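Chains, contacts and geometry: an overview
Single-letter residue listing:
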Amino acid sequence: MTSLDEKKILEELNAGNYQAFTVLYEKYWETLFLYVQRIIHNESEAKDIIQDTFLTIWNLKGKLGHVHSFKAYALTIAGRKALRHIRNHAHKTELIDGFITFLKDHEPNALDQLIKNELAVFVNQEIDKMPERMRETYKKSREEGLSNREIAALMEVSDQTVKKQINYSLRHLRLGLSKFHVLFIFCFLFQ
């Protein structure tokens with residue numbers, strides 16, 4: 001696309017032409033995304049910022065007569081949004097740090113108890129999501145302390161089936177726990 005073509009497309013966008021907007025979106029999305037991702041180092045949040053950038057540009061249609069370079073204009077908006085995101089994120093981090101300091105100073109075991117309680121709730125939710133037979137096998141093994149042979153006899157299945165069900169249930173919990181990353185960040189930082 002030549003600068004003359006881009007100028008015409010910008011004029012069309014300024015007039016509210018959605019197809020012109022789409023052309024610019026498709027041409028510059030990746031460039032803007034890579035730029036913002038280098039600033040904030042988070043792919044998902046960078047995508048959100050780019051979507052918000054294009055939404056802002058679309059909402060400014062009719063007021064873009066002064067824009068001579070769409071790329072420079074869009075990079076400026078995206079960069080400002082990325083910096084605002086960093087400022088907001090830093091503020092949240094300060095609040096979290098302050099809360100953790102408060103817990104440590106006023107109740108040394110409160111943070112550990114909070115983590116344990118949240119983890120217990122999460123594990124119970126994950127157990128409840130298991131298929132019925134898997135859940136039953138898991139509870140007999142881990143909560144009641146029965147051996148595989150005892151569980152097999154009670155459930156009238158083979159020892160091998162019990163072993164597989166326990167392995168599946170543990171895999172299910174591991175996958176669920178990988179989604180529960182914030183708690184593990186806290187555990188890692190404060191142990």
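First, a word on what this report is: a plain description of the structure on this page. As the structure is a prediction and not an experimental result, all values here were calculated from the model. (Residues numbered from 1 in each chain as written. Predicted model: local features only at pLDDT ≥ 70, side-chain atom pairs only at ≥ 80, totals over all residues. Heavy atoms only, no water.)

1. Quick word on the overall build of the protein chain
When helices and strands are tallied, the protein chain shows 9 helices and 0 strands. Sequence separation of 24 or more characterises 57% of the internal contacts of the protein chain that already satisfy a separation of 6 or more. Accessible area of the protein chain: about 12,900 Å², with a carbon and sulfur share of 54%. (Helix = DSSP H or I, 4+ residues; strand = E, 2+ residues; numbered from the N terminus. Contact = heavy atoms within 4.5 Å. Areas by Shrake-Rupley, 256 points an atom, 1.4 Å probe, with all protein chains shown as cover.)

2. Looking at the layout of surface pockets
What the second largest pocket holds in volume is close to 170 Å³. Looking at the second largest pocket, it is lined by 10 residues, and the ones nearest its centre are Lys 7, Leu 10, Glu 11, Val 67 and His 68. The residue makeup of the lining of the second largest pocket, split by class, is 3 nonpolar, 4 polar and 3 charged. (1 Å grid on protein atoms, 1.4 Å probe; cavity = no way out; pocket = protein on both sides within 12 Å on 5 of 7 lines; lining within 4 Å. Points joined across faces, edges and corners; volume = space filled by probe spheres on them. Nonpolar A, V, L, I, M, F, W, Y, C, P; charged D, E, K, R; others polar.)

3. A short note on helix H6 (residues 132-143)
Helix length check: H6, at 12 residues, gives a terminal C-alpha distance of 15 Å against a target of 16 Å (1.5 Å per residue), a fit within 8%. Listed as buried for H6 are Met 134, Thr 137, Tyr 138, Lys 140 and Ser 141. All buried residues of H6 fall inside an arc of 165° around its axis, so they share one side. Of the residues trailing H6, Gly 145 is marked for its positive phi of about 75°. (Expected span 1.5 Å × (residues − 1). Buried < 20%, exposed > 50% of the residue type's maximum accessible area, 1.4 Å probe, protein only. Arc of directions from axis to C-beta.)

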